[in-house]
Amino acid sequence: MKELLILLIIVCEFIFSNESKIVDRIIKLTDYQYNIIQDYEVDILVSMKVPAFRMPKKRYKVYFMQPDLIKVKSKGFGILPKTGIFTSPNDNFDNLSDITIQYLDDKNSNDIILSGLVIVDSLKIEMPNEYSKLTFKPIVEVRIDTSKWVIKSVITRIDTLKLFEIYNDYDIVDNDFYMPIESEVKYFLKDKKFSNWLKKDINTVVGEESNAETNELVEGNISVKYSNYKINRGLSKSIFEK
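Conventions adopted
- Sequence positions are assigned chain by chain, starting from 1 and proceeding in written order.
- Note on the predicted model: pLDDT of at least 70 is required for a residue's local features to be given, and 80 or more for side-chain atom pairs to be given and counted; whole-chain, interface and lining totals, by contrast, use all residues.
- Derived side-chain values reflect all non-hydrogen atoms in the structure, with water molecules and hydrogen atoms excluded from consideration.
- By the criteria applied, helices consist of DSSP H or I runs no shorter than four residues and strands consist of E runs no shorter than two, each listed in order from the N terminus.
- Here's how the labels work: a residue is buried when its accessible area is under 20% of the maximum for its type, exposed when over 50%, partly exposed in between, all with a 1.4 Å probe on protein chains only.
- Contact between two residues is taken to exist if any of their heavy atoms lie within 4.5 Å; hydrogens are not considered.
- The Shrake-Rupley method, run with a 1.4 Å probe, gives the accessible areas here. Residue values count only the displayed protein chains as cover.
- Nonpolar cores were defined as sets of buried Ala, Val, Leu, Ile, Met, Phe, Trp, Tyr and Cys residues, with membership established by side-chain atoms within 4.5 Å.
- Two strands qualify as a pair provided that DSSP identifies no fewer than 2 bridges between them.
- Lines fitted to C-alpha atoms define the axes here, with helix axes fitted over just the stretch in contact, and angles between the N-to-C directions of these axes take values from 0 to 180 degrees.
- Here a salt bridge means any side-chain nitrogen of Lys or Arg lying within 4 Å of a carboxyl oxygen belonging to Asp or Glu.

The number of helices and strands found in the protein chain is 4 helices and 12 strands. Considering the protein chain as a whole, with its 242 residues, one finds that 40% of them fall into the buried category. Of all intrachain contacts in the protein chain linking residues separated by at least 6 positions in sequence, the fraction that spans at least 24 positions is 59%. Carbon and sulfur atoms make up 51% of the accessible area of the protein chain, which amounts to about 14,700 Å² in all.

Of all hydrophobic cores here, the largest spans 41 residues; its most connected members are Tyr 40, Ile 44 and Leu 114. With near-sequence residues (within four places) excluded, Leu 114 lies in contact with Val 23, Ile 26, Ile 27, Phe 93, Ile 99, Thr 100, Ile 101, Val 140, Glu 141, Val 142 and Ile 144. Of all hydrophobic cores here, the second largest spans 5 residues; its members include Met 65, Leu 235, Ile 239 and Phe 240.

With respect to topology, 10 strands assemble into an open sheet ordered E3-E2-E1-E12-E10-E9-E8-E7-E6-E5, the strand pairing being antiparallel. A single partner strand is all that each edge strand has here, and the edge strands are strand E3 (69-73) and strand E5 (96-103). Each neighbouring strand pair of the sheet contributes to a mean axis angle of 20 degrees, computed without reference to strand direction. Bridging between E5 and strand E6 (residues 111-118) involves 6 bridges; their strand directions are antiparallel. Bridge assignment links Tyr 103 to a residue of E6, and that residue is Ile 112.

Evaluated as defined, the whole model comprises 7 salt bridges. The partner of Arg 143 in a salt bridge is Asp 111, with the nearest N and O atoms 2.9 Å apart. On the criterion of sequence distance, the pair formed by Arg 143 in strand E7 (residues 139-145) and Asp 111 in strand E6 is long-range, its members being 32 residues apart. Overall, the relative accessible area of 30% leaves Arg 143 in the partly exposed class. A residue is classified by how much of its surface remains accessible, and Asp 111, at 7% relative accessible area, is buried. In this structure, Arg 157 engages Glu 141 in a salt bridge whose closest nitrogen and oxygen atoms are separated by 2.9 Å. Of this pair, Arg 157 sits in strand E8 (residues 150-158) while Glu 141 sits in strand E7, and the two are 16 residues apart along the sequence. Here the residues in one salt-bridge network are Glu 41, Asp 43 and Lys 61, joined through shared partners.

All we've got here are geometric facts, nothing functional implied.
The following block contains the structure:
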């Protein structure tokens, strides 16, 4: 019996050690694909259905340069969601712990899901006490297309309650690059303690803060469409200094 227990422990250590290496490999490949794009400019059309925010469809010109330079041009007030759109896979996964792999039953799919616990200290949210901090454990599920090494969706939830979702559709753009052509961001926040977290995530990029009538966002949908990509043309850093 003792020998069997030791063998079981060894097998478990081998399995989890291998899974950890596979997780690291998946993250590195996804991040490598992301970093192929050194810079780009793109036109973005944003439409919102979010309580407390009234904004018509808005057009932006967005400039991006690795690792994290972003410049947004638009007339008047406008907002964009930060999470999952202008952040690298590596930065996103750095905010997760205990990451595991979920393989899909569909044999024709190249998708896998990496699931992990959000590191609470990485969130821009103030917890009322240490107990709340310990019991607040959002789970993030990241769906990755391993044929292209791109992130197709990100779902954040607590148990079965969804808090945040983002879905990306991709296509070949600028003749050679596999990039998102549309993103859909959904929020399902029905608890006041999440309000500040959401407000920090919906980033005001131009203009003034919204004069919302309420301080709490309950549920919302943001659609982002991308067009007219110009990729790896060698943007000047001076664009981001203005």
